[in-house]
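# Results of the structural survey
Spelled out, the chains give:
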Amino acid sequence: MANALAGKVAIITGGAGGIGKATVELFVAEGAAVVIADIQDEAGEALAAKLGAAAVFRHVDVSSEADAQAMVDLAVERFGGLDILFNNAGMSCGAYPSYLDDRLDDFDRVMRVNVLGPMLATRNAARVMANSGKGGVILNNASIAGVLAGHGMMTYRASKAALIQFSKSSAIDLARHGIRVNCIVPGHVRTDLSSFAEKGADGDLAARIEEGVNAVYLSNQLIKRRGEPEDVAQVALFLAGDMSRHMTGAVLPVEGGVTVGDPVNHLQEIMDARVAAMKGA
């Protein structure tokens with residue numbers, strides 16, 4: 001899709017690394033001017049320098065109302081408007097094998113980043129989009145953790161479920177302004193957030209952890225290949241451009257089939273158990 005975003009202005013939060021970085025690079029390659037919003041100053045500045053005049057970095061804590069407004073103001077001042085917002089920034093919570101062990105001491109911070117952040121950015125960006133008369137596109141990056149119930153990480157799961165509901169509700173509310181809102185649901189994408197890496201681990205240990213974690217990730221995934229940031233970026237490009245102009249309020253999985261259903265053939269297991277019982281009768 002050469003120049004699919006020609007002339008468009010985008011803000012990508014969490015744009016200095018992982019899915020955000022891959023999306024920044026792809027959007028710029030497709031003709032967009034991009035504000036890279038992140039708390040990772042060194043990585044963000046380096047990425048902006050690499051991409052040239054089409055990108056600018058701004059230190060942004062998405063949970064700060066002042067920062068959320070400043071990044072929107074920068075897009076308008078530097079590039080003349082705002083067409084696309086990708087609420088990609090997010091954080092996880094403490095991982096405990098059982099909820100009974102969860103101290104919930106990171107609840108406020110996780111909710112502020114994962115829920116309040118997208119809400120602030122959406123409100124501020126949508127005001128500019130509505131006033132322009134051209135409408136716009138808002139994308140939210142949720143997670144399979146917001147769709148599938150499971151063990152542990154309850155704060156993270158709750159925050160992503162809330163983001164999905166906010167995406168649908170804001171799609172309804174903002175439609176009259178010509179603003180489309182869609183939500184991406186990534187699965188086991190290879191990023192720092194999903195690595196479970198040991199801090200300070202040497203190369204061999206990090207590789208062994210990666211191999212072990214990867215096997216677990218793929219065990220309930222239909223496509224036996226780990227997702228990459230670029231896989232999500234391509235879907236973000238589709239949703240940001242005119243090819244998806246008739247889509248709003250969508251919740252789009254990019255997860256290799258994790259949320260489709262249980263991949264285990266329980267019917268076969270039942271039949272095997274029946275045969276075994278009959279043999280032992």
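Summarised in this report is the structure supplied together with it. All values derive from a computational prediction rather than experimental measurement.

### Remarks on the packing of helix H3 (residues 65-79) against helix H4 (residues 107-132)
Where H3 contacts H4, the axes come no closer than 9 Å and their chain directions differ by 30 degrees. Crossing of H3 over H4 shows right-handed handedness. For the pair H3 and H4, the contacting residues are Glu65, Ala68, Gln69, Met71, Val72 and Val76 in the first and Leu120, Ala121, Arg123, Asn124, Ala125 and Val128 in the second. Residue composition of the contact of H3 with H4, grouped by class: 8 nonpolar, 2 polar and 2 charged.

### Here we look at the layout of surface pockets
The space that makes up the second largest pocket amounts to roughly 200 Å³. Classifying every residue of the lining of the second largest pocket by side-chain character gives 3 nonpolar, 4 polar and 6 charged.

### Observations concerning the packing of helix H1 (residues 18-29) against helix H7 (residues 229-240)
Here H1 crosses H7 at 50 degrees, and the two axes come no closer than 8 Å. By the angle between their axes, H1 is oblique relative to H7. For the element pair H1 and H7, the recorded crossing hand is right-handed. Contacts between H1 and H7 pair Gly18, Ile19, Ala22, Thr23, Leu26 and Phe27 from the former with Pro229, Glu230, Val232, Ala233, Gln234, Ala236, Leu237 and Ala240 from the latter. Its residues placed into classes, the contact of H1 with H7 shows 10 nonpolar, 3 polar and 1 charged.

### Thoughts on the environment of proline 186
Relative to the helices and strands, proline 186 resides in strand E6 (residues 179-186). Given the relative accessible area of 6%, proline 186 is considered buried. Proline 186 has contacts with Ile19, Asn141, Ala142, Ser143, Ile144, Val232, Val254 and Glu255, leaving out every residue within four places of it along the chain.

### Describing the nonpolar core
Phe27, Val34, Ile36 and Ile184 are the most contacted members of the largest nonpolar core, which has 31 residues in total. Mapped onto this core, the elements with two or more residues apiece are strand E1 (9-13), H1, strand E2 (33-38), helix H2 (41-51), strand E3 (55-59), strand E4 (84-87), strand E5 (136-141) and H7. Here this core gets 7 residues from one element, more than from any other, and that element is H7.

### A closer look at H7
In this model, H7 (12 residues) spans 16 Å end to end at C-alpha, consistent with the 16 Å of a helix rising 1.5 Å per residue. What H7 keeps buried is the set Pro229, Val232, Ala233, Val235, Ala236, Leu237, Leu239 and Ala240. Tucked inside the fold, the buried residues of H7 contact H1, E4, E5, E6 and strand E7 (251-254).

### Brief notes about the side chain of glutamate 255
Considering the arrangement of structural elements, one finds glutamate 255 in the loop between E7 and helix H8 (266-280). It turns out glutamate 255 is buried and unbridged, and the closest side chain with the opposite charge, arginine 225, is 10 Å from it. Of the polar contacts made by the side chain of glutamate 255, one reaches the side chain of threonine 259; its length is 2.6 Å. In contact with glutamate 255, not counting residues within four places along its chain, are Ile144, Val185, Pro186, Gly187, Gln221 and Val260.

Conventions used here
- Residues numbered from 1 in each chain as written.
- Predicted model: local features only at pLDDT ≥ 70, side-chain atom pairs only at ≥ 80, totals over all residues.
- Heavy atoms only, no water.
- Axes fitted to C-alpha atoms, helices over the stretch in contact; angles between N-to-C directions.
- Helix = DSSP H or I, 4+ residues; strand = E, 2+ residues; numbered from the N terminus.
- Left-handed = near helix turned anticlockwise from the far one by under 90°.
- Contact = heavy atoms within 4.5 Å.
- Nonpolar A, V, L, I, M, F, W, Y, C, P; charged D, E, K, R; others polar.
- 1 Å grid on protein atoms, 1.4 Å probe; cavity = no way out; pocket = protein on both sides within 12 Å on 5 of 7 lines; lining within 4 Å.
- Points joined across faces, edges and corners; volume = space filled by probe spheres on them.
- Parallel < 35°, antiparallel > 145°, perpendicular 65-115°, else oblique.
- Buried < 20%, exposed > 50% of the residue type's maximum accessible area, 1.4 Å probe, protein only.
- Core = buried A, V, L, I, M, F, W, Y, C linked by side-chain atoms within 4.5 Å.
- Expected span 1.5 Å × (residues − 1).
- Lys, Arg positive; Asp, Glu negative; His and termini not counted.
- Salt bridge = Lys/Arg side-chain N within 4 Å of Asp/Glu carboxyl O.
- Polar contact = N/O pair within 3.5 Å; in protein donor to acceptor, adjacent residues only side chain to side chain.

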